[in-house]
Amino acid sequence: MIDQKILTLLNAPTRQERIANLKEVLKTAEFPPMVDQYINNHIHTTYSFSPYSPTAAVYAARAEGLCTAGIVDHDSIAGAHEFLEAAALVGIPATVGMECRASMDGTILEGRRTNNPDQVGVSYMTIQGVPHDKIDYLNQWFAPYRAARDVRNRKMIDKINALLPGISLDYDRDVLPLSQHADGGGVTERHLMYALALAMVKQNGKGQSMVDYLQSIGLSLNDKQKAQMLDTEYPFYEYDLLGLLKSAFVPKVYIDATDECPNIRDVVKLAKEVGAVPCYAYLGDVGDSVTGDKKAQKFEDDYLDDVFTCLKDIGMPAVTYMPTRNTQQQLERLRKLCDDNGIFQVSGEDINTPRQSFVIRAMENPMFANLIDATWRLIDYETGKRPMDLY
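Since the model is a prediction, treat every value here as computed from it, not as a measurement.

Caption draft 1: Just the overall build of the protein chain, in detail. When its secondary structure is counted, the protein chain shows 16 helices and six strands. A compact globule built from 391 residues would reach a C-alpha radius of gyration of about 21 Å, and the protein chain, at 20 Å, matches this within 12%. Projecting the C-alpha coordinates of the protein chain onto the three principal axes gives extents of approximately 55 × 55 × 40 Å. The burial tally for the protein chain puts 59% of its 391 residues in the buried class. Within the protein chain, contacts between residues separated by at least 24 positions form 76% of all contacts whose residues are at least 6 apart in sequence.

Caption draft 2: Representation of helix 11 (residues 237-248) in the model. Between the first and last C-alpha of helix 11 there are 17 Å, a value that for twelve residues agrees with the 16 Å anticipated at 1.5 Å per step. For helix 11, the buried fraction is high: eleven of the twelve residues fall into the buried class. Buried within helix 11 are the following residues: Tyr237, Glu238, Tyr239, Asp240, Leu241, Leu242, Gly243, Leu244, Leu245, Lys246 and Ser247. In the core, the buried residues of helix 11 are packed alongside helix 8 (189-204), helix 9 (208-216), helix 10 (223-230) and helix 12 (250-253).

Caption draft 3: Looking closely at the sheet that holds strand 5 (residues 318-321). Spatial strand order, 1-2-3-4-5-6: six strands in an open sheet with mixed pairing. This sheet does not close on itself; its edge strands, each paired only once, are strand 1 (69-74) and strand 6 (344-347). For this sheet, the mean inter-axis angle between neighbouring strands, taken without regard to orientation, is 30°. By the bridge criterion, three bridges tie strand 4 (residues 277-281) to strand 5 in an arrangement that is parallel.

Caption draft 4: Looking closely at the environment of Ile360. On the secondary structure map, Ile360 appears in the loop between strand 6 and helix 16 (369-382). By relative accessible area, Ile360 is classed as buried at 1%. Along the backbone, Ile360 and Ala94 are 266 residues apart, and their C-alpha atoms lie at a distance of 16 Å. Once you skip the residues sitting within four places of it in the chain, Ile360 turns out to touch Tyr38, Ile39, Asn40, Thr324, Gly348 and Glu349.

About the thresholds
- Residues numbered from 1 in each chain as written.
- Predicted model: local features only at pLDDT ≥ 70, side-chain atom pairs only at ≥ 80, totals over all residues.
- Heavy atoms only, no water.
- Helix = DSSP H or I, 4+ residues; strand = E, 2+ residues; numbered from the N terminus.
- Rg over C-alpha atoms; globule rule 2.2 N^0.38 Å.
- Buried < 20%, exposed > 50% of the residue type's maximum accessible area, 1.4 Å probe, protein only.
- Contact = heavy atoms within 4.5 Å.
- Expected span 1.5 Å × (residues − 1).
- Pairing = 2+ DSSP bridges.
- Axes fitted to C-alpha atoms, helices over the stretch in contact; angles between N-to-C directions.

Below, the structure written as structure tokens:
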């Protein structure tokens, strides 16, 4: 975690202020050597949900010794220009992309759970390696889907207010200011839960009183979550509460996403049109969630062969995955299926809480050397040094 004073400067209200502050910070900054194995292509910023603006995310990645960094926000790529500008100042190569949800209607995965904890028939995917002159076009393409999500978000806020006496959230007053909505950013369930976390702390305080309150509304806390709620000195207490609410409370208020999820075939077509790389985001059955925001749950492992059949059918050339999340057996099976089907592999660990390190220690394992090579291929492609040739 970077120094809080620096984080405040790099999270200033506007892009211009953030970049100007970065230039000042860099005058005295001392960074560790870059480590060749430390890459991360899946860093969330305030343009979806994160403690870090694009500028702060770049600085934090470099401060931890990463040799490359990649931005991936939900429903938005509006932070990419800032991310690239900050990366150039810091002297770290960068890759840009985004994440979205897509309807699997019309495929063999229609009506089945894949990688989405909240909804069957809707899958998460990423669009990686976006050519820099296509960033604005891609973000505009998703504008109607962000607007549709706003409609559903407002309905979920109504459900929260109806369920919790004393809580009265307003979407415009309490949620949107936590986002970069006005600048083309996405608003997710995490924004809703963060607004709720802030309201809960204001209403109930921290520590044992928060534990008692959460239990009174029917939420079960494991030992780790209880310890976090008792740690009243942690400066990002509300982020810990958000993580708990994301896994335990969202199911109580979740409304299925429909109009905000383009069909998977349309997203693949879009990615090809802009010259980017569409990737299925493998999750795999979850045991103990690394980030604490997912409960133990079964996902696509029971029919992973069907997933790859679907990917071949719709023309999706790549899979992205997070080695830290999965067992050795899961990873070996996934990687073999990628190799057998000629599927390109991309990796990164989603960063969206202050407790997470930007470093993926798994990348120290030589078996993941191909993921490091893939990152440099994406960077070279985005900067025009070599083609991808995946289709």
